[in-house]
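A look at the structure
Spelled out, the chains give:
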Amino acid sequence: EDQVTQSPEALRLQEGESSSLNCSYTVSGLRGLFWYRQDPGKGPEFLFTLYSAGEEKEKERLKATLTKKESFLHITAPKPEDSATYLCAVRDLGYGKLTFGQGTILTVHP
Amino acid sequence: DAGVIQSPRHEVTEMGQEVTLRCKPISGHNSLFWYRQTMMRGLELLIYFNNNVPIDDSGMPEDRFSAKMPNASFSTLKIQPSEPRDSAVYFCATHRGRDEKLFFGSGTQLSVL
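Description of the structure in this document. Numbering of residues starts from 1 in each chain and follows the order in which that chain's sequence is written. Here chains are named by letter from A upward and ligands by number from 1 upward, in the order in which they appear as written. Owing to the predicted nature of the model, reporting of local features is limited to residues with pLDDT of at least 70; listing and counting of side-chain atom pairs is limited to 80 or more, with chain, interface and lining totals taken over all residues. As a convention, hydrogens and water are excluded, and side-chain values are obtained from all of the structure's heavy atoms.

All right, on to the overall build of chain A then. Strands are runs of DSSP state E lasting at least two residues, helices are runs of H or I lasting at least four, and both sets are numbered from the N terminus onward. Each helix and strand in chain A was counted, giving 0 helices and 11 strands. Ordered by position from the N terminus, the helices and strands of chain A form the series β-β-β-β-β-β-β-β-β-β-β. We take the radius of gyration over the C-alpha atoms and set the globule estimate at 2.2 Å times the residue count to the 0.38 power. Computed over C-alpha atoms, the radius of gyration of chain A comes to 13 Å, within 12% of the 13 Å expected from 2.2 N^0.38 for 110 residues, which places it in the range of a compact globule. With the C-alpha coordinates of chain A rotated into their principal frame, the extents come out at 45 × 30 × 20 Å.

In structure tokens:
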């Protein structure tokens, strides 16, 4: 059974204070690792897909990286509008379901 | 393309009542997923449809839950009878064409009193 563990559960940062979120996973065969952002009262919104160890993707202040056992979401010089819950999910070689972690609640204070 | 549309946005009901949640997926999809989100358990897959056929319903908690997809443009998730522990946010999600990422609706916030 696929498993995804995210840490920390919650992270408070000052504006401009860079940090990283962790996603550890166990999957029989990795088809892809996905990062989503979720704002209160909304559905998860796609950020990145990573397919193989060593791959990196960037979008504005976010950079996602992947190893064989974990992924990191690096946030550089965050702004208050980056505050959200960040979800990590894995897709195995099956039919396409995503197995999600519990998420990290990020709060960026001005 | 309006994306995945769910209704109602909020539903408050009393224990024992029937609840029906609705989803209109992205046009051109061939798969549909129902997820449930709670603080304790996060996002859990309830059921997966491919070409309107239920393929994996192993996440459906019990017989009180049922889901249908009568056509490619519409799906329902029904809970009968509802219980307070069913209180959660229910999401519908689909792929768009060959895109591997899932697109989520805004969810239905269900409260069973």
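In this section: the pattern of salt bridges. Any Lys or Arg side-chain nitrogen found within 4 Å of a carboxyl oxygen on Asp or Glu counts as a salt bridge. Under the definition given, this model contains 14 salt bridges over all chains. With a shortest N-O distance of 2.8 Å, aspartate 82 of chain A and arginine 61 of chain A are connected by a salt bridge. A residue pair is termed long-range when its members are at least 10 positions apart, and aspartate 82 of chain A in the loop between β8 (70–75) and β9 (84–92) and arginine 61 of chain A in the loop between β6 (56–59) and β7 (62–66) qualify at 21 residues. We note a salt bridge from glutamate 18 of chain B to lysine 78 of chain B, for which the minimum N-O separation is 3.8 Å. A residue pair is termed long-range when its members are at least 10 positions apart, and glutamate 18 of chain B in the loop between β2 (10–13) and β3 (19–24) and lysine 78 of chain B in strand β8 (residues 74–79) qualify at 60 residues.

Among the secondary structure elements, threonine 108 of chain B is positioned in strand β11 (residues 108–112). From its side chain, threonine 108 of chain B meets the backbone oxygen of proline 8 of chain B in a polar contact 2.6 Å long. Pairing of N or O atoms within 3.5 Å defines a polar contact, subject to two protein rules: one partner must be a possible hydrogen donor and the other a possible acceptor, and residues neighboring in sequence count only if both atoms are side-chain atoms.

Residues and elements named next belong to chain B. Strands were regarded as paired on the criterion that DSSP finds at least two bridges between them. In spatial order, the strands read β1-β3-β8-β7; together these 4 strands make up an open sheet with antiparallel pairing. Strand pairing shows two members of the sheet lacking a second neighbour, β1 (5–7) and β7 (65–71), which therefore form its edges. For this sheet, the mean angle separating the axes of adjacent strands, direction not counted, is 15°. For helices, the fitted line uses only the C-alpha atoms of the stretch in contact; every axis is such a line through C-alpha atoms, and the angle between N-to-C directions lies from 0 to 180 degrees.

Bringing the side chain of glutamate 55 of chain A into the picture now. Residues and elements named next belong to chain A. Counting through the fold element by element, glutamate 55 comes out in the loop between β5 (45–50) and β6. A polar side-chain atom of glutamate 55 sits 2.6 Å from the main-chain amide nitrogen of tyrosine 51. Every residue pair with non-hydrogen atoms within 4.5 Å of one another is taken to be in contact. Filtering out sequence-adjacent residues up to four positions away, glutamate 55 remains in contact with Thr49, Leu50, Ala64, Thr65 and Leu66.

Distances and angles like these do not, on their own, reveal function.
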